[in-house]
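Observations on the model geometry
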Amino acid sequence: MKVVVALAATASALVAPVAKVAPATVVDAKSAAMPFLECPAALDGLDYPGNVGFDPLRFTDSDWNMAEVIIPKERWMGEYAEIPMVYWMREAELKHGRICMLAVVGWLTVDAGIHFPGEKYTGIDALHAHDAMLASGNMGVMLLFAAVAELTSMVSVVQAAKGSGREAGDFGLDPLEFCGNPDTKKFMLEAETTHARLAMLGFSGLCTQSALLESHTFPYLS
């Protein structure tokens, strides 16, 4: 019996490992966002809201199964789901986009003079709010809230890695039932993706113009 096992082990060692090959791009498929570039294979025909084939750095060509990154093998003995890189990119895009949508509203609100009651909040503009909150000790509480939200959101991501079938960015948050029917849901998901991308660009512009021009009132041009 030991001889058989030894021979089997020797034979398996002589077999070359199967190399993972990145997905090939479909011939002549062009990116809708950048028609002079080929559309990455992972995005070609993908039914994701806002998908226009935009991935010039080809992150989605990676053949990683992100489920194995989310839950390391030494911590999970069960079966992994298949979570391609495009799923992880969409999860990150929606998370950052949602944060930026809130951040744009918050930035404009503070610079409009609307803030919490109390002397320590008086006269603070959005650009200098971070340092002011550090000095007052408020930033620790805000960091705690952010940590709780992050850890809570990761529960859904971990479940997706275990095969729950969850869509990227879906936390089941729809108290007003805007996504009550398929047509409305498709429209709302497209709108969210568009506004998320716009907010990421907009918040970057708000911060940059406010800092460079020392301007603290909309539209931050002087």
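Above this text sits the structure in question.
These remarks concern the structure in this document. Please read all numbers here as calculations on a predicted model, not as lab measurements. (Residues numbered from 1 in each chain as written. Predicted model: local features only at pLDDT ≥ 70, side-chain atom pairs only at ≥ 80, totals over all residues. Heavy atoms only, no water.)

1. Considerations on the overall build of the chain
- Each helix and strand counted, the chain has six helices and zero strands in total.
- Its helices and strands in sequence order give the chain the pattern α-α-α-α-α-α, from N to C terminus.
- Long-range contacts, defined here as pairs at least 24 residues apart, represent 50% of the contacts in the chain between residues at least 6 apart.
- Of the roughly 15,300 Å² of accessible surface on the chain, a fraction of 68% belongs to carbon and sulfur atoms. (Helix = DSSP H or I, 4+ residues; strand = E, 2+ residues; numbered from the N terminus. Contact = heavy atoms within 4.5 Å. Areas by Shrake-Rupley, 256 points an atom, 1.4 Å probe, with all protein chains shown as cover.)

2. Focus on the nonpolar core
- In terms of nonpolar packing, the biggest core is built from eleven residues, these being Met66, Ala67, Ile70, Ile71, Ile83, Met85, Tyr87, Val157, Ala160, Ala161 and Ala168.
- Taken together, the elements giving at least two residues each to this core come down to helix 2 (66-70), helix 3 (85-111) and helix 5 (138-161).
- Once you skip the residues sitting within four places of it in the chain, methionine 66 turns out to touch Ile83, Pro84, Met85 and Trp88. (Core = buried A, V, L, I, M, F, W, Y, C linked by side-chain atoms within 4.5 Å. Buried < 20%, exposed > 50% of the residue type's maximum accessible area, 1.4 Å probe, protein only.)

3. Observations regarding unusual backbone geometry
- Look at the link from phenylalanine 218 to proline 219: it is a cis peptide, with omega at 5°.
- Tracing the chain through its elements places proline 219 in the segment after helix 6 (182-213).
- The phi dihedral of arginine 58 is positive, around 60°, even though this residue is not glycine.
- Assignment of secondary structure puts arginine 58 in the loop between helix 1 (2-14) and helix 2.
- A positive phi angle is found at tyrosine 220, which is not glycine, with a value near 60°.
- Along the chain, tyrosine 220 turns up in the segment after helix 6.
- Relative accessible area serves as the criterion here: at 1%, tyrosine 220 is assigned to the buried category.

Purely geometric stuff here, so don't read any function into it on its own.
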